[in-house]
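The chain contents come next:
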Amino acid sequence: MLIALIAKDKDDALQTRKDNRADHLAYIEETGVVSQAGPLMNGDDMIGSLVILDVEDMAAAQRWADNDPYAKAGLFQSVELIHWKKVIG
């Protein structure tokens, strides 16, 4: 099951993002369920994250989201998990 995780950063959270980036990338590597990921942008500014998870169910996606080092560091203002259907690519 593919799940789109759409997370929006808190205002003025760039330093939190930078401070936790290595742990976030290690978590992605270690868990092996991320098929695509990258920052959401507003011009040159990072304002959030889009992560496509390939997991067994929504509960697994929620566990992944809860344990993401970015989430644990309080980076996000909001996180939304949505079942996603890949059509192209």
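Okay, so let's go over this structure. Predicted, not measured: the structure shown is a model, and the values here were computed from it.

1. Points about the environment of Asp-11
Here's step 1: Take Asp-11: it is sitting in the loop between β1 (2-9) and α1 (14-31).
Here's step 2: With 65 residues separating them along the chain, Asp-11 and Phe-76 place their C-alpha atoms 9.0 Å apart.

2. A few points about the packing of α1 against helix α2 (residues 58-67)
Here's step 1: Between α1 and α2, whose axes approach to 11 Å, the crossing angle comes to 150°. Our classification of the angle between α1 and α2 gives roughly antiparallel. Remark: the crossing between α1 and α2 carries right-handed chirality. Contacts between α1 and α2 involve Tyr-27, Ile-28 and Thr-31 on the former and, on the latter, Arg-63, Trp-64 and Asn-67.
Here's step 2: Of the residues in the contact of α1 with α2, the class split is 3 nonpolar, 2 polar and 1 charged.

Thresholds applied
- Residues numbered from 1 in each chain as written.
- Predicted model: local features only at pLDDT ≥ 70, side-chain atom pairs only at ≥ 80, totals over all residues.
- Heavy atoms only, no water.
- Helix = DSSP H or I, 4+ residues; strand = E, 2+ residues; numbered from the N terminus.
- Axes fitted to C-alpha atoms, helices over the stretch in contact; angles between N-to-C directions.
- Parallel < 35°, antiparallel > 145°, perpendicular 65-115°, else oblique.
- Left-handed = near helix turned anticlockwise from the far one by under 90°.
- Contact = heavy atoms within 4.5 Å.
- Nonpolar A, V, L, I, M, F, W, Y, C, P; charged D, E, K, R; others polar.

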